[in-house]
Amino acid sequence: MIKQREPIVAIATPFGESAIGAIRLSGYDVLGKIRDLIITKGEIKPRYAHFVKIRDEDGDILDEGILIYYPSPKSYTGEDMVEIFLHGNPLILKKALELFLTKGIRLAQPGEFTKRAFLNGKMDLLQAEAVADLIGSRSERAIKSAQKQLQGGLSSLINSLRERLLELLAYVEADIEFSEEDIPTLTKEQIINLLKSIDQEIENLLKTVKTGEFLRRGINLAIVGKPNVGKSSLFNALLGQERAITTPIPGTTRDFLQESLTLKGIPINLIDTAGIRDTEDPIEKIGVERSLHKLKTADMVLFVVDGSKPLEKEDIDIYSMVKDLDHMVVINKVDIGLRDEVLKEFPKAQRVSALRGEGIEELKDEILNRLGVYLTDSAHIYITVRHENLLKKSKEVIKSLINKLELEELSPEIIMLDLREAITYLDEIVGTITTEDILGGIFSRFCIGK
Ligand SMILES: Nc1nc2c(ncn2[C@@H]2O[C@H](COP(=O)(O)OP(=O)(O)OP(=O)(O)O)[C@@H](O)[C@H]2O)c(=O)[nH]1
Ligand SMILES: [Mg+2]
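This one's a predicted model, so the numbers in the text were calculated from it and none came from an experiment.

Asks: I tried to follow the overall build of the chain on my own but got confused; where do I start?
Replies: Of regular secondary structure, the chain possesses 16 helices and 13 strands. Its C-alpha radius of gyration of 29 Å places the chain more than 25% over the 22 Å reference for a compact globule of 450 residues. Counting only C-alpha atoms and orienting by the principal axes, one finds that the chain spans roughly 80 × 80 × 35 Å. Expressed as a percentage of the 450 residues in the chain, the buried residues total 37%. The contacts in the chain between residues at least 6 apart in sequence include a share of 66% that link residues at least 24 apart.

Okay, here's the thing in structure tokens:
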């Protein structure tokens, strides 16, 4: 059922000068509310591009542009909507916005258009989440995955699990209601097998969460080590460009540097840091503090040592800070020697020559391996932590039901109770059941105007 809510308005394009700036309006009788500010020849027809002028209260023309009217229910939100495209001057757009605000229309909250689209059944919760993902995507793979979810890829997977549980529920229910009659029922083994296959599918989906989170927010990868081991050279080699200054003088990098790259379509935020050592230099000291901070907040730390020289106390001290974090040891400068003692200390380390670009591709592969990146190449379906939490709960119920069934005779009522609970969590994923809290959490991370 479509419900038309109070009219809202937002500027839908980013702040700044641009060729065109868009203003979006949605809600009950929204066109009627702004009609006297719009000058146009003839009637405003649904889904037509109309050339219009916007006038202010005194009748002065603010700007001219294109207006499109989408009456309910055929619009993004399902409500009456208007989109106006003016010249992309922030002052003009702000002035137009203010004019509309005087007409009893309020400013939209982040994600409110999409929230209304969801509430009006234009999309399910998974698709609504994908809208924000799509806008925020930082790699082609991330776009593909968001696009897939927007098209309902994940929804149909969850719905098929849900339908199979519902079907099972119907069988068990029928077993109670018509127990005297001759209707087909499932054997215990059949029920267990069905539950096991559902459990396995949930397991497969759960495997995608880590990669999904990396795809959506990127991976923070920090390069640390003592001065002069070749951190900045490695940074440049991974980026494929001479971005950081490298010199033979220890203490070259004073502040951290960040650059983006993608590895197999996963966005990476690569961070080069100042070499960590005790220093009296006040500038370098701050740099070292920043390095330590980056080290602690990274998803993965690349700890670099110079393989051509004996290890020093500084190397060991830094390693003791790194070893309990997600980390990889990188032995650099193998082109000028690889000492046995270094190899003995770090036998599993990746060996590279940042200067010559040797071992860099292998290092990239190993980074993704170690992060547990699991690429579902054709499916492009990756769940989020929200989905993971609910899927885990559903899986727990299913697992314990399987266990109970294998151990004892269960009454159909107990089986039904468990099945209903497992279904409830899936309902929450697609948004058949929601609370204001859940919706607030999801839509607050949207931009205004979407
Ligand atoms: N032979 C050889 N030299 C290297 C290699 N990697 C880096 N170097 C040299 O080692 C010196 C230090 O390199 P940087 O990349 O500046 O080292 P860093 O760890 O960033 O140093 P700080 O910023 O001072 O902490 C430079 O002269 C580099 O050319 C390598 O793989 N082989
Ligand atoms: Mg450096």
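Structure shown, so let's carry the discussion forward.
Asks: For this particular structure, what's the right way to read unusual backbone geometry?
Replies: Where the residue is not glycine, phi is negative for most of them; where a peptide bond is considered, it is trans in most cases. The omega torsion of the bond from Ser72 to Pro73 falls at 5°, within 30 degrees of zero and hence cis. The topology assignment puts Pro73 in the loop between strand E5 (61-70) and strand E6 (81-88). Its identity as a non-glycine residue notwithstanding, Asp29 has a phi of 55°, on the positive side. The residue Asp29 is located in the loop between strand E2 (18-26) and helix H1 (30-34) in this model. In this structure Asp29 comes out as partly exposed when scored by C-beta crowding, with 14 C-beta atoms within 10 Å.

Asks: I'm lost on helix H11 (residues 313-322) in this one. Help?
Replies: Helical geometry note: an α-helix holds 3.6 residues per turn, so side chains three or four residues apart project in the same direction. Within H11, the full set of buried residues consists of Asp315, Ile318 and Val322. Buried residues of H11, viewed axially, fall in a sector of 70°; they line one side. Every exposed residue of H11 that faces more than 90 degrees away from the buried side is listed here: Lys313, Ile316 and Ser320. Where H11 is buried, its residues meet strand E8 (219-224), helix H10 (282-297), strand E11 (300-306) and strand E12 (327-332).

Asks: I would appreciate a short explanation of the sheet that holds E12 in the present structure.
Replies: Sheet strands pair via backbone hydrogen bonds, and the direction of the pair is either parallel or antiparallel. What the six strands build is an open sheet, ordered E9-E10-E8-E11-E12-E13; its pairing is mixed. The open sheet has two edge strands, strand E9 (257-263) and strand E13 (350-351), and neither has a second partner. Running at roughly 165° to E11, H11 makes contact with E8, E11 and E12 of the sheet.

Asks: So what exactly am I meant to see when it comes to the sheet that holds strand E1 (residues 8-11) here?
Replies: In spatial order, the strands read E3-E4-E5-E6-E2-E1-E7; together these seven strands make up an open sheet with mixed pairing. Across the chains shown, the open sheet's two edge strands, defined by having one partner strand only, are strand E3 (38-39) and strand E7 (106-107). Where strand E4 (residues 50-55) meets E5, six bridges bridge the pair, whose relative direction is antiparallel. Residue Ile54 lies in a different strand from E5, and its bridge partner there is Asp63.

Asks: Would you mind showing me how to read the site of ligand 1 here?
Replies: Taken together, 24 residues sit near ligand 1, with Gly230, Ser232, Thr253, Gly275 and Leu355 positioned nearest. With three residues, helix H9 (residues 231-239) is the largest single contributor of residues to the shell around ligand 1. Looking at the shell around ligand 1, its residues break down into eight nonpolar, 13 polar and three charged.

Asks: Looking at this structure, I do not really get the environment of Lys323. What am I missing?
Replies: Summarising the element assignment, Lys323 is placed in the loop between H11 and E12. Separated by 22 residues in the primary sequence, Lys323 and Val301 have C-alpha atoms spaced 9.5 Å apart.

Asks: Is there a simple way to think about the nonpolar core in this case?
Replies: Most often, soluble globular proteins keep nonpolar side chains buried together rather than apart. Membership of the largest hydrophobic core comes to 103 residues, with the highest contact counts inside it found for Ile23, Leu25, Leu221, Val224, Phe303 and Val330. Here this core takes eight residues from helix H15 (residues 412-430), the largest share from any one element. Setting aside chain neighbours within four positions, we find Phe303 in contact with Val224, Gly225, Ile318, Tyr319, Val322, His327, Val329 and Val330.

Asks: Looking at this structure, I do not really get the domain arrangement of the chain. What am I missing?
Replies: A common measure of how large an interface is: the accessible area buried when the components associate. Under the domain assignment, the chain is made up of domain 1 (8-122), domain 2 (130-208 + 381-431) and domain 3 (217-370). If you average the C-alpha positions of domain 1 and of domain 3, the two centres end up 51 Å apart.

Asks: For this particular structure, what's the right way to read the packing of helix H4 (residues 125-136) against helix H5 (residues 140-150)?
Replies: Pairs of packed helices are described in terms of their axes, by the angle between the two and the distance that separates them. Running from amino to carboxyl end, H4 crosses H5 at an angle of 155°, the nearest separation of the two axes being 8 Å. When the axes of H4 and H5 are compared, the pair comes out roughly antiparallel. Between H4 and H5 the crossing geometry is left-handed. Every residue of H5 that contacts H4 at Leu126, Gln127, Ala130, Val131, Asp133 and Leu134 is listed here: Ile143, Ala146, Gln147, Gln149 and Leu150. Partitioning the contact of H4 with H5 into residue classes produces seven nonpolar, three polar and one charged.

Asks: Teacher, can you tell me more about the packing of helix H3 (residues 112-119) against H4 here?
Replies: H4 packs onto H3 with a crossing angle of 165° between their chain directions and a minimal axis gap of 9 Å. With respect to H4, the element H3 is oriented roughly antiparallel. The interaxial crossing formed by H3 with H4 has right-handed handedness. Contacts between H3 and H4 pair Thr114, Ala117 and Phe118 from the former with Leu125, Ala128 and Val131 from the latter. Split into classes, the residues belonging to the contact of H3 with H4 amount to five nonpolar, one polar and no charged.

Asks: I tried to follow the pairing of E9 on my own but got confused; where do I start?
Replies: Consecutive side chains of a regular strand alternate in pointing toward one face of the sheet and then the other. One ladder, built from seven bridges, connects E9 with strand E10 (residues 266-272); its direction is antiparallel. Paired with Glu259 across the bridge in E10 is Leu270. Where E9 folds back on E10, the antiparallel hairpin that results is connected by two residues, among which Lys264 adopts a positive phi of roughly 45°.

Asks: Explain the environment of Arg116 to me, please; I cannot follow it from the model alone.
Replies: Relative to the assigned elements, Arg116 resides in helix H3. The buried category is assigned to Arg116, around which 25 C-beta atoms lie within 10 Å. Distance from Arg116 to Thr102, taken between C-alpha atoms, is 22 Å for residues 14 residues apart in sequence. Residue contacts for Arg116: discarding those within four places in its chain leaves Arg5, Ser26, Thr77, Gly78 and Glu79.

Asks: Can you help me understand the pairing of E11 in this one?
Replies: With six of seven residues buried, E11 lies mostly within the body of the structure. Of the strand pairs in this sheet, E8 and E11 are connected by four bridges, and their pairing is parallel. Across the sheet, residue Val224 finds its bridge partner in E11, namely Phe303. Across six bridges, the pairing between E11 and E12 is parallel. Paired with Asp306 across the bridge in E12 is Asn332. At this point the chain moves from E11, through H11, to the parallel E12, and the crossover so formed is right-handed.

Each value, and the rule that gives it
The residue numbering used here restarts from 1 in each chain and proceeds along that chain's sequence as written. Starting at A for chains and at 1 for ligands, labels are handed out in the order in which the entities are written. Reporting of local features is limited, given that this is a predicted model, to residues whose pLDDT is at least 70; pairs of side-chain atoms are given and counted only at 80 or more, and all residues count toward the totals for whole chains, interfaces and linings. Segments assigned H or I by DSSP are reported as helices when at least four residues long, segments assigned E as strands when at least two residues long, and all are numbered from the N terminus. The globule rule is 2.2 Å times the number of residues to the power 0.38, and the radius of gyration it is compared with is taken over C-alpha atoms. Remark: C-beta atoms are placed from the backbone, and a residue is labelled buried if 20 or more other C-beta atoms sit within 10 Å of its own, exposed if 12 or fewer do, or partly exposed between those counts. This entry defines residue contacts through backbone-placed C-beta atoms, with two residues in contact when those atoms are within 7 Å. An arc is given here, and it is the one of the directions from the helix axis to the C-beta atoms. When DSSP finds two or more bridges between two strands, those strands count as paired. For every element, the axis is a line fit to its C-alpha atoms; helices are fit only across the contacting stretch, and the angle between N-to-C directions ranges from 0 to 180 degrees. Defining nearness, a residue is near a molecule or strand when the C-beta atom obtained from its backbone falls within 6 Å of it. Only Asp, Glu, Lys and Arg are considered charged, only Ala, Val, Leu, Ile, Met, Phe, Trp, Tyr, Cys and Pro nonpolar, and every remaining residue, Gly among them, polar. Remark: nonpolar core denotes a set of buried Ala, Val, Leu, Ile, Met, Phe, Trp, Tyr and Cys residues whose joining runs through C-beta atoms within 7 Å. The domain limits used here are those given by an automatic or database domain assignment. Should an angle fall under 35 degrees it is called roughly parallel, over 145 degrees roughly antiparallel, and 65 to 115 degrees roughly perpendicular, with every other angle called oblique. With the far helix as reference, a near helix turned anticlockwise by less than a right angle produces a left-handed crossing, and one turned clockwise produces a right-handed crossing. Call a crossover right-handed when, viewed with both strands pointing away from you, the route from the first strand across the helix to the second goes clockwise.

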